Amino acid sequence: MRKGKLMGYSHSSTSPKRWTQKLNPTTRVIFGKRNIIDTEIGIFNRASKSIDTCMTYTRPSLAVSLRPIKDAFLAAKRKGVRLRYITEINHHNFEDCKVLQSIVHELRHLDGVKTNFMISEGEYLAPLVQDKSEAIASEHFYSDMTQIVEHGRCIFDTLWSKSIPAEERIKQILDGVVPRETKIVNNQDEIMKHIIHLSEVSTGLSVVSNNGQMKLTYNSFLELFMKILEKQKRTETKGIRWIMRIEKDSVNVVKKFLRLGVDIRHVKNLAQINFAVSKHGLLATVEEMNGEGTVQNLLASNEGSYIKHFSSMFEQLWKEGIDARYRIKDIEEKVGIAEIEIIRNPVDSIARGWEMVRSARKEVNIMFSSTNALKRQIEMGALPLLKKASETQNVGIRMLLPSSDNSDQLIKQTRSNIPNIDIRTVSTGLETKITIILVDSKKCLILELKDDRQNTSYDAVGLSTYSVSPTIISSYLAVFESFWRQAELFEKMKEVEKLQKDFINMAAHELRNPIQPIIGFSELLYPKIVNQDQRRLLDEVILNARRLERLAIIMLDVTRIENNSLVLSKEIVDIGKAVRDIVESYNRKLEENAKKLVVIHDGMKSINATIDKVRITQVICNILDNAVSFSHEGKIHVILKKEEQDGQNFLIIGVRDMGRGIDQEISSKLFTKFASKSDMGTGLGLFISKGIVEAHGGKIWAENNADRGATFSFSLPLKT
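From a predicted model like this one, the values you see are computed outputs, not experimental measurements. (Residues numbered from 1 in each chain as written. Predicted model: local features only at pLDDT ≥ 70, side-chain atom pairs only at ≥ 80, totals over all residues. Heavy atoms only, no water.)

Colleague: What's the story with the confidence of the model for the protein chain in this structure? I'm lost.
Modeller: Should pLDDT be low for a region, the predicted coordinates there are not to be read in detail. Considering every residue of the protein chain, the mean pLDDT works out to 83; 87% of them sit at 70 or more. Put simply, helix α7 (residues 188–201) is where the protein chain has its lowest mean pLDDT, 72, and strand β3 (residues 82–87) is where it has its highest, 96. With pLDDT under 50 throughout, residues 1–19 is counted as low confidence; its partners more than four residues away or in other chains account for 37 contacts. (pLDDT = per-residue confidence, 0-100. Helix = DSSP H or I, 4+ residues; strand = E, 2+ residues; numbered from the N terminus. Contact = heavy atoms within 4.5 Å.)

Colleague: Explain the packing of aromatic side chains to me, please; I cannot follow it from the model alone.
Modeller: Here the distance between the centres and the angle between the planes together describe a pair of aromatic rings. What the rule picks out here adds up to 12 aromatic pairs. Judged by centre distance (6.3 Å) and plane angle (45 degrees), the ring pair of F73 and Y85 falls under tilted. Linking F73 in helix α3 (residues 67–78) with Y85 in strand β3, this pair joins segments that are 12 residues apart in sequence. Summarising the burial analysis for this pair, F73 and Y85 share the class buried. Put simply, the rings of F117, Y124, F141, F156 and W160 touch in pairs and so form one group of aromatic residues. Positioned above the aromatic ring of W318, the side-chain terminus of R241 is 5.1 Å from the ring centre. Its end group placed over the ring of Y586, K589 keeps NZ or CZ at 5.3 Å from the ring centre. (Phe/Tyr/Trp six-rings, centres within 6.5 Å; stacked < 30°, edge-to-face > 60°. Buried < 20%, exposed > 50% of the residue type's maximum accessible area, 1.4 Å probe, protein only. Lys NZ or Arg CZ within 6 Å of the ring centre and 35° of its normal.)

Colleague: Would you mind going over the sheet that holds strand β6 (residues 124–127) with me for this structure?
Modeller: Strand pairing in a sheet is mediated by backbone hydrogen bonds. Such pairs are either parallel or antiparallel. Strand order in the open sheet formed by 8 strands is β1-β7-β6-β5-β2-β3-β4-β8, and the pairing between neighbours is mixed. Here the strands that pair on one side only, and so sit at the sheet edges, are β1 (27–31) and β8 (164–165). Pairing of strand β4 (residues 106–109) with β8 involves 2 bridges; the strand directions are antiparallel. Its bridge partner being in β8, R108 is matched across the sheet by P165. Against the sheet, helix α1 (residues 33–46) touches β1, β2 (50–54), β3, β5 (117–120), β6 and β7 (139–143), its axis set at about 30 degrees to β7. Against the sheet, helix α5 (residues 146–162) contacts β1, β2, β3, β4, β5, β6, β7 and β8, and its axis sits at roughly 115 degrees relative to β5. (Pairing = 2+ DSSP bridges. Axes fitted to C-alpha atoms, helices over the stretch in contact; angles between N-to-C directions.)

Colleague: Help me out: how do you make sense of the pattern of salt bridges in this one?
Modeller: In a structure, side chains of opposite charge can pair up when their charged atoms sit close to one another. Under the defined criterion, the tally for this structure stands at 22 salt bridges. For the salt bridge of E315 with R241, the shortest nitrogen-to-oxygen distance reads 2.5 Å. Residue E315 is found in helix α11 (residues 304–320), and its partner R241 is found in strand β11 (residues 240–244); the two are separated by 74 residues along the sequence. Under the relative-accessibility criterion, E315 is labelled partly exposed at 33%. By relative accessible area, R241 is classed as partly exposed at 23%. A salt bridge links R376 to D452; its shortest N-O distance comes to 2.9 Å. Remark: D452 occurs in the loop between β22 (443–449) and α17 (457–460) and R376 occurs in helix α14 (residues 371–380); sequence separation between them is 76 residues. (Salt bridge = Lys/Arg side-chain N within 4 Å of Asp/Glu carboxyl O.)

Colleague: Explain the sheet that holds strand β25 (residues 596–603) here, please?
Modeller: Here 5 strands make up an open sheet; going across it, the order is β25-β27-β28-β30-β29 and the pairing mixed. Bordering the open sheet on either side are β25 and β29 (700–704), each of which pairs with just one other strand. With direction set aside, neighbouring strand axes in the sheet form an average angle of 20 degrees. Taken together, the 9 bridges between strand β27 (residues 633–645) and strand β28 (residues 648–656) define a ladder with antiparallel strand orientation. Counterpart to E643 in the pairing with β28 is F650. On the sheet, helix α20 (residues 575–592) packs against β25, β27, β28 and β30 (710–717) and is oriented at approximately 170 degrees with respect to β25.

Colleague: How should the nonpolar core be read in this particular structure?
Modeller: Ranked by internal contacts, the top residues of the largest apolar core, which has 45 residues, are I575, L624, V638, I653 and F714. Those residues in contact with V638, other than ones at most four positions away along the chain, are V579, V583, V599, I600, H601, D602, L624, I653, G654 and V655. Formed by 33 residues, the second largest nonpolar core is a distinct cluster that contains A47, V104, M118 and I170. (Core = buried A, V, L, I, M, F, W, Y, C linked by side-chain atoms within 4.5 Å.)

Colleague: Hey, could you run me through the environment of N394 in this one?
Modeller: Summarising the element assignment, N394 is placed in the loop between α15 (382–391) and β19 (396–402). On the basis of relative accessible area, N394 is assigned to the exposed category, the value being 65%. Note: C-alpha distance between N394 and E363 (31 residues apart in sequence) is 8.6 Å. Those residues in contact with N394, other than ones at most four positions away along the chain, are R361, K362 and A389.

Colleague: Which parts of the structure should I look at to understand unusual backbone geometry?
Modeller: Excluding glycine, a negative phi dihedral is what most residues carry, and trans is how most peptide bonds are arranged. Notably, D440 is not glycine yet its phi reads approximately 55 degrees, a positive angle. Secondary-structure assignment places D440 in the loop between β21 (434–439) and β22. What makes D440 buried here is its relative accessible area of 15%. One non-glycine residue, S441, lies in positive phi territory at about 55 degrees. Considering the arrangement of structural elements, one finds S441 in the loop between β21 and β22. Assessed through its relative accessible area of 38%, S441 is described here as partly exposed.

Colleague: Which parts of the structure should I look at to understand the packing of α20 against helix α21 (residues 613–630)?
Modeller: A pair of packed helices can be characterised by two numbers: the angle between their axes and the separation between those axes. Orientation of α20 relative to α21, taken along the N-to-C sense of each, is 35 degrees, at an axis distance of 11 Å. In terms of crossing hand, the pair formed by α20 and α21 is right-handed. Every residue of α21 that contacts α20 at A578, V579, I582, Y586 and L590 is listed here: K613, T617, I620, C621, L624, D625 and V628. Of the residues assigned to the contact of α20 with α21, the class counts are 9 nonpolar, 1 polar and 2 charged. (Left-handed = near helix turned anticlockwise from the far one by under 90°. Nonpolar A, V, L, I, M, F, W, Y, C, P; charged D, E, K, R; others polar.)

Colleague: Explanation requested: the environment of N626 in the structure shown.
Modeller: Position of N626 relative to the elements: it lies in helix α21. In the structure, N626 is positioned 29 residues away from V655 in sequence and 10.0 Å away in space, judged by C-alpha atoms.

Colleague: I tried to follow the pairing of strand β23 (residues 461–467) on my own but got confused; where do I start?
Modeller: In summary, the side chains of a regular strand alternate between the two faces of the sheet. Among the 7 residues in β23, 5 count as buried, and that is most of the element. Summarising the sheet, strand β17 (residues 340–343) and β23 pair through 4 bridges and their orientation is antiparallel. Its bridge partner being in β23, E341 is matched across the sheet by Y466. Pairing geometry for β22 and β23, over 5 bridges, is antiparallel. Counterpart to L449 in the pairing with β23 is V461.

Colleague: What exactly am I supposed to notice about the packing of α21 against helix α22 (residues 685–695) here?
Modeller: Relative to each other, α21 and α22 sit at 145 degrees, their axes nearing to 9 Å. Along this stretch, α21 crosses α22, giving a crossing that reads as left-handed. Taking contact as the criterion, the partners of R615, I616, Q618, V619, N622, I623 and N626 in α21 are, on α22, G685, L686, I688, S689, I692 and V693. For the contact of α21 with α22, the class distribution of residues is 7 nonpolar, 5 polar and 1 charged.

Colleague: Please clarify how the environment of I575 should be interpreted in this entry.
Modeller: If you trace the backbone, I575 turns up in helix α20. With sequence-adjacent residues up to four places away left out, I575 is seen in contact with I607, A609, I611, L640, L651, I653 and L716.

As structure tokens, this is what we get:
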């Protein structure tokens, strides 16, 4: 690697050029302090938007004392470059930071900054060795590669979010606030001072300990804790919260603290660490106390990062804890305690589930959250595991699966591998977000479905809970049995639905045969009848026969859509002209009925598309019929526009009315069968419209307008 000036860029101190993305980005090591200063000045000269600097507490003196660097800061500031600077402000660099405040736009303080780097919108510079002295390091790393620059900016933004304004830190120093520090204390006098100080300044204390630590506190530090509790009674403090594992031998001391007013919770699994934390400081030890001795070593800290970390740890444990009174009651009454283990790692969750199946001796009940959940487990090799349990261990296996397009295929695959398995499907309306595994009515694992789109179970599974509690297991077993019975009803319902569809299909076909002669003969008979009363009767016959004919046609459409047998007769159609014709027809009807309503054709006036004209006209008329029915006055707009979605051109046809809008009760099932709040009609128009649009490769949707009314829209693909 060459020494000297960095190769791959050019700059001049007399005529600086703005930094621009080069065709060949460079990453180099720069040697020599003079070359490093030149490089840094070059970055300032080329920057046009921002320069962010993060330095240890020794660096601000260089920024204000080295003339070339200071001038570079000021020049960049004059040309509008945003300057941000992070450092640790302390008594050593206090005066330099006050000067630096006037040079940069914003200066911030961060405790314990250990790194030096600067970054513009396109360049990154950092020393290879972090020198603690107030001198420029002789070797620097430089890069204008986009990935490195973005990585550096991400680090800076993270540090910036954790820092505080320089004004706040300077005020702390001027006010004589205790300096931030973290140290190990092993002197008994010092340990006592820290314990007394934390108890005196704290407005609330959070404690995590073992049984021995609580006994030690009661024997040696009770007076200090009483002062906090007395302040709590005067609403001067938030009191004391305590977390520990409560067993039979700790009940008595816990009761004493409860009577004093300490809020206590039981947590089964605690790390081997005792700590007390407040917003003013942290005290921690890993010693195992017996209540007789004293603390030998203590970690003491008033640094924000430690306080925040331990406070967060406490709050998480507190959420998972059980009120001490309930725990003590269970211990004294010898009630079986519900043991629950939270498993956060998906790898451990899946492994636990497989281990449960291997240990099964009587039965395995599994309810999957989705068909994809079963598919992922099959790909991981779950079927041989279940087959071994069924055939080698003679375990009965029942499986529940939500119904979907590919559930039948998965069931067939599963049964071919495990002949004795009993599988049922449940309606998608009963689909849950959890997978339940129950083994021998003794073990229970609940897996949360985090993202069903993922390809592996490890990515799809979220938090899991494992329990051997009889109460919890019996509850989930009852849930499983309930779903199992629902699945049985669902299977019977599907059989009934099939019979219903067959009947409707047959009835629709059979109805059409007698309807045609009724209409035909009635129309032939009509001109031969002179008596007006007889004609009115014949009018009713024809009218109702035509209603029956329309109903038969609707029933046939529904059957074809549900059987995926809807046939389209496509042709090239000028949809703009077709819509104009429909609009004119509706306006004539509205004039005849004297309705204060008008239909307007907006948007594109002419556009060709390959469609089934009769069917698309049916869709538009269905939507317009609804708009007219629910609108009493004003304008109904039929809007045509062209949109591109994922590289495909679509024609969007929308009908915007000024009616009462879509009722919230039916909004989610608007395009399903019989979804209607009206007493008129069959409630099948929008269901049929959806089937027709989707058969064309489009989509249909509806939404309420911001002001009033609703807009129904559907898309049709256009050939490019």
